[in-house]
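Structure at a glance
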Amino acid sequence: MATALVTGSNRGIGLEFCRQYADAGWKVLACCRRPEQASDLQGLAIHHPSVSIHQLDLGNFDQIDALAHAQASETIDVLINNAGIYGDSGRNVLGALDYELWARVLKINAEAPVKMTEAFLPHVSRSERKLVVAITSLMGSMADNSSGGAIMYRTSKAALNAAMKSLAIDLKPRGVGVMILHPGWVKTDMGGSNAPTSPAESVAGMRRTIEGFALRDSGRFLDFRGRELPW
Ligand SMILES: NC(=O)c1ccc[n+]([C@@H]2O[C@H](COP(=O)([O-])OP(=O)(O)OC[C@H]3O[C@@H](n4cnc5c(N)ncnc54)[C@H](OP(=O)(O)O)[C@@H]3O)[C@@H](O)[C@H]2O)c1
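This section reports on the structure supplied with the text.

Reading the values: rules and limits
Residues numbered from 1 in each chain as written. Predicted model: local features only at pLDDT ≥ 70, side-chain atom pairs only at ≥ 80, totals over all residues. Helix = DSSP H or I, 4+ residues; strand = E, 2+ residues; numbered from the N terminus. Rg over C-alpha atoms; globule rule 2.2 N^0.38 Å. Buried ≥ 20, exposed ≤ 12 C-beta atoms within 10 Å, placed from the backbone. Pairing = 2+ DSSP bridges. Axes fitted to C-alpha atoms, helices over the stretch in contact; angles between N-to-C directions. Contact = placed C-beta atoms within 7 Å. Near = placed C-beta within 6 Å. Nonpolar A, V, L, I, M, F, W, Y, C, P; charged D, E, K, R; others polar. Core = buried A, V, L, I, M, F, W, Y, C linked by C-beta atoms within 7 Å. Parallel < 35°, antiparallel > 145°, perpendicular 65-115°, else oblique. Expected span 1.5 Å × (residues − 1). Left-handed = near helix turned anticlockwise from the far one by under 90°.

1. Quick look at the overall build of the protein
Across its full length, the protein carries six helices and seven strands. If you list the helices and strands of the protein from N to C, you get β-α-β-α-β-α-β-α-β-α-β-α-β. In terms of overall dimensions, the protein is globule-like: its C-alpha atoms have a radius of gyration of 17 Å, near the 17 Å expected for 231 residues. Viewed in the frame of its principal axes, the protein has a C-alpha envelope of about 50 × 40 × 35 Å. Counting across all 231 residues of the protein, residues that qualify as buried make up 43%.

This is the structure we're talking about:
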């Protein structure tokens, strides 16, 4: 049985990853900040005993180390760094920038996925698939930025992309792959109701892209359909 660890698993894209991998017969380590409030995830775990729920706030790096330690005997085939925050859009423009919030967005979106990779590298390295996935955004692309704004979010995803590109190079000799995936514009709390893509469609596409991964693809910037994106 293959194993996936998913961060931000209580709603949105993360919950859908857990649902689809559980349906496919995978073991799922579902991490979220408040398991006691994660009713949809709890419902999933009741129907799928292979889903276990783990408390994890990505702003607390000691918690990341503690969870990695507690799961020391586990192997993780695919580590999915999904959790992310946008930053309050009203305070995300010049003249009203909230620098403390910006630091928090950088920590959760860019530093935490690197810390997760560092802490869980032994678990991933022992597995069959040996794959780290970063759920990024096309909004982290310089080449694609034609509308400006969203400084906190854009810089955090650009930093995530740069970090993951380096990890792809650094981890290749160990046979560990890194995928940098844009999920599309997805109907979730973050994406909003006008988004054209459902979480089910986005995650099905990303799972297909993950299935098709070969180590030579490590560090590529792809969307949920497997199409190459501009940096
Ligand atoms: N939706 C889109 O259109 C879209 C487009 C491009 C990229 N993305 C990326 O896709 C990923 C998932 O987004 P989504 O649309 O599913 O967003 P969402 O519905 O807002 O869900 C965000 C998830 O991240 C979790 N999270 C936030 N801060 C956390 C922390 N400190 N520790 C642990 N978990 C934390 C949230 O948990 P709580 O419930 O505890 O807050 C929630 O589970 C994000 O990285 C996002 O940037 C989304």
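The structure having been displayed, the exposition proceeds.
2. Observations regarding the sheet that holds strand β7 (residues 221–223)
Overall, parallel pairing links the seven strands, which are arranged β3-β2-β1-β4-β5-β6-β7 in an open sheet. If you trace the sheet from one side to the other, it starts and ends with β3 (51–55) and β7, each paired once. Here the average twist between neighbouring strands, direction ignored, is 20 degrees. Bridging between strand β2 (residues 27–32) and β3 involves five bridges; their strand directions are parallel. Across the sheet, the residue bridging to alanine 30 is isoleucine 53, located in β3. The strands touched by helix α4 (residues 99–125) are β1 (3–7), β4 (78–81) and β5 (131–135); relative to β4, the strand with the most contacts, the crossing angle is about 170 degrees. Across the face of the sheet, helix α6 (residues 199–211) comes into contact with β4, β5, β6 (177–182) and β7 while running at roughly 155 degrees to β6.

3. Considerations on the site of the ligand
Inspection of the region around the ligand gives 30 residues, with Gly8, Gly12, Gly84, Thr188 and Gly191 positioned closest. It is helix α1 (residues 12–23) that contributes the most residues to the shell around the ligand, three residues altogether. Looking at side-chain class alone, the shell around the ligand contains 13 nonpolar, twelve polar and five charged residues.

4. Considering the nonpolar core
Ranked by internal contacts, the top residues of the largest apolar core, which has 60 residues, are Cys18, Val28, Ala30, Leu79 and Val133. With residues up to four places along the chain from it excluded, the contact list for alanine 30 reads Val6, Ser9, Cys18, Leu41, Val51, Ser52, Ile53 and His54.

5. Digging into unusual backbone geometry
The phi angle at lysine 130 is positive, at roughly 55 degrees, despite the residue not being glycine. With respect to the element layout, lysine 130 can be found in the loop between α4 and β5. Judged by local crowding, lysine 130 falls into the buried class, with 21 C-beta atoms found within 10 Å. For alanine 150, which is not a glycine, the phi torsion comes out positive at approximately 50 degrees. The topology assignment puts alanine 150 in the loop between β5 and α5 (151–171). Using a count of 18 C-beta atoms within 10 Å as the deciding quantity, one classes alanine 150 as partly exposed.

6. Some thoughts on the packing of α1 against helix α2 (residues 39–47)
The geometry of α1 relative to α2 is characterised by a closest axis approach of 11 Å and an angle of 5 degrees between their N-to-C directions. With respect to α2, the element α1 is oriented roughly parallel. Contacts between α1 and α2 involve Leu15, Cys18, Arg19 and Ala22 on the former and, on the latter, Asp40, Leu41 and Leu44. For the contact of α1 with α2, the per-class residue count stands at five nonpolar, no polar and two charged.

7. Overview of α5
An ideal rise of 1.5 Å per residue puts 30 Å on 21 residues; α5 measures up with 30 Å between its terminal C-alpha atoms. Along α5, the positions that sit buried rather than exposed are Met152, Tyr153, Arg154, Ser156, Lys157, Ala158, Leu160, Asn161, Met164, Leu167, Ala168 and Leu171. Against the buried residues of α5 lie α4, β5, β6 and β7.

8. With respect to the packing of α4 against α5
One way to put it is that α4 packs onto α5 with a least axis distance of 9 Å and a crossing angle of 20 degrees. Comparing the axis directions of α4 and α5 gives the class roughly parallel. Remark: the crossing between α4 and α5 carries right-handed chirality. Side by side, α4 and α5 meet where Leu101, Trp102, Val105, Leu106, Asn109, Ala110, Pro113, Val114 and Thr117 of the first sit next to Met152, Tyr153, Thr155, Ser156, Lys157, Ala159, Leu160, Ala163 and Leu167 of the second.

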